[in-house]
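Per-entry structural report
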Amino acid sequence: MSFDTQFDKKLLLCLAIFAVFSFASLFLPFFSSDEYGYMSSGREIIEGKFTEIGDVNRFPLFPFALSAVYSIFGYSEIVTKMFLMFVGFATIILFYKVAKSAFGQEAAFIPTLIFSSNPLFLYLSTRVLTEPLFFLLLFAGVYYFPKAIENKMSAFIFGIFN
């Protein structure tokens, strides 16, 4: 992605707004029981205790994604929150691309600004919950759906996200 136009620079503004709120939440120590459940499930997967995961009623992709992150960067609350920040950034970029393809480049900034500064999105994107990954996969599916109609490779990518 190149940032050579005025509108792509506006996307950077949306990402900066999200970054300010996300960085502020990095050092908040509160976690809910769901968050600890997902983090411990991800840790148990990399420790080879997959069959001993106590909470099997959760969305399975998220603990696997966390375990992949933990296997690269190690198990840490900061690593987990940084991963979710990355997911949030990717979600905002995909949202912008969807808005740009639906409304045009000039009109894509306002919906992206509203989305990236939405208090619910900011809250959910900084918690260790399935919602950030859900948003990312949702917008990836929406972005690749029209492309899947035209191109077989995009159809394969669309199938992965849905």
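Everything below is about the structure shown above.
Residues numbered from 1 in each chain as written. Predicted model: local features only at pLDDT ≥ 70, side-chain atom pairs only at ≥ 80, totals over all residues. Heavy atoms only, no water.

What about the packing of helix α4 (residues 77-103) against helix α7 (residues 131-150)?
Following both chains from N to C, one finds α4 and α7 inclined at 25 degrees, their axes separated by 9 Å at the closest point. Compared by their axis directions, α4 and α7 come out roughly parallel. Two packed elements cross with a definite hand, and for α4 against α7 that hand is left-handed. In this structure, α4 contributes L84, V87, A90, T91, L94, F95, K97 and V98 to the contact, and α7 contributes P132, L133, F135, L136, F139, A140, V142 and Y143. A class-by-class count of the residues in the contact of α4 with α7 yields 14 nonpolar, one polar and one charged. (Axes fitted to C-alpha atoms, helices over the stretch in contact; angles between N-to-C directions. Helix = DSSP H or I, 4+ residues; strand = E, 2+ residues; numbered from the N terminus. Parallel < 35°, antiparallel > 145°, perpendicular 65-115°, else oblique. Left-handed = near helix turned anticlockwise from the far one by under 90°. Contact = heavy atoms within 4.5 Å. Nonpolar A, V, L, I, M, F, W, Y, C, P; charged D, E, K, R; others polar.)

Focus on the packing of helix α3 (residues 61-73) against α4
Helix-helix packing is described using two parameters, namely the angle between the two axes and the distance between the axes. Relative orientation of the contacting elements α3 and α4 amounts to 115 degrees, with a least axis distance of 10 Å. Relative to α4, the crossing made by α3 is right-handed. Contacts from F62, A65, L66, V69, Y70 and F73 of α3 reach α4 at V79, T80, F83 and L84. When grouped by side-chain class, the residues that make up the contact of α3 with α4 number nine nonpolar, one polar and no charged.

Digging into the nonpolar core
Within the largest apolar cluster, 37 residues are counted, with the highest numbers of intra-cluster contacts made by F62, L66, F83, I92 and V128. Going through the elements one at a time, α1 (6-25), α2 (33-46), α3, α4, α5 (105-116), α6 (119-125) and α7 are the ones with two or more residues in this core. For this core, the element with the most residues is α4, which contributes 10 residues. If we skip the residues at most four places from it in the chain, F83 touches A65, L66 and V69. (Core = buried A, V, L, I, M, F, W, Y, C linked by side-chain atoms within 4.5 Å. Buried < 20%, exposed > 50% of the residue type's maximum accessible area, 1.4 Å probe, protein only.)

Some points on a nonpolar patch on the surface
Where nonpolar side chains cluster on the molecular surface, the patch consists of F23, F27, I78 and M82 and spans about 410 Å² of accessible area. Here I78 is to be found in helix α4. Overall, the relative accessible area of 35% leaves I78 in the partly exposed class. (Patch = residues over 30% accessible without salt bridge, like charges linked within 9 Å, V, L, I, M, F, W, Y side chains within 5 Å. Areas by Shrake-Rupley, 256 points an atom, 1.4 Å probe, with all protein chains shown as cover. Salt bridge = Lys/Arg side-chain N within 4 Å of Asp/Glu carboxyl O.)

Description of the pattern of salt bridges
If you walk through the whole model with that rule in mind, you get two salt bridges. A salt bridge links R43 to E47; its shortest N-O distance comes to 3.8 Å. Residue classification places E47 among the partly exposed residues on the basis of a relative accessible area of 42%.

A short note on the packing of aromatic side chains
Counting across every chain of the model gives 11 aromatic pairs. A centroid spacing of 5.4 Å and a plane angle of 80 degrees characterise the contact between F115 and F139, whose relative ring orientation is edge-to-face. Taken together, the residues F115 in helix α5 and F139 in helix α7 connect sequence positions 24 residues apart. Of note, K10 hangs over the ring of F109, and the distance from its end group to the ring centre comes to 5.2 Å. Residue placement shows R43 over the ring face of Y75; its charged tip is 4.8 Å from the ring centre. (Phe/Tyr/Trp six-rings, centres within 6.5 Å; stacked < 30°, edge-to-face > 60°. Lys NZ or Arg CZ within 6 Å of the ring centre and 35° of its normal.)

Considerations on the side chain of T112
Examined against the element boundaries, T112 turns out to sit in helix α5. Excluding residues within four positions of it along the chain, T112 makes contact with L11, C14, I92, F95, Y96 and A99.

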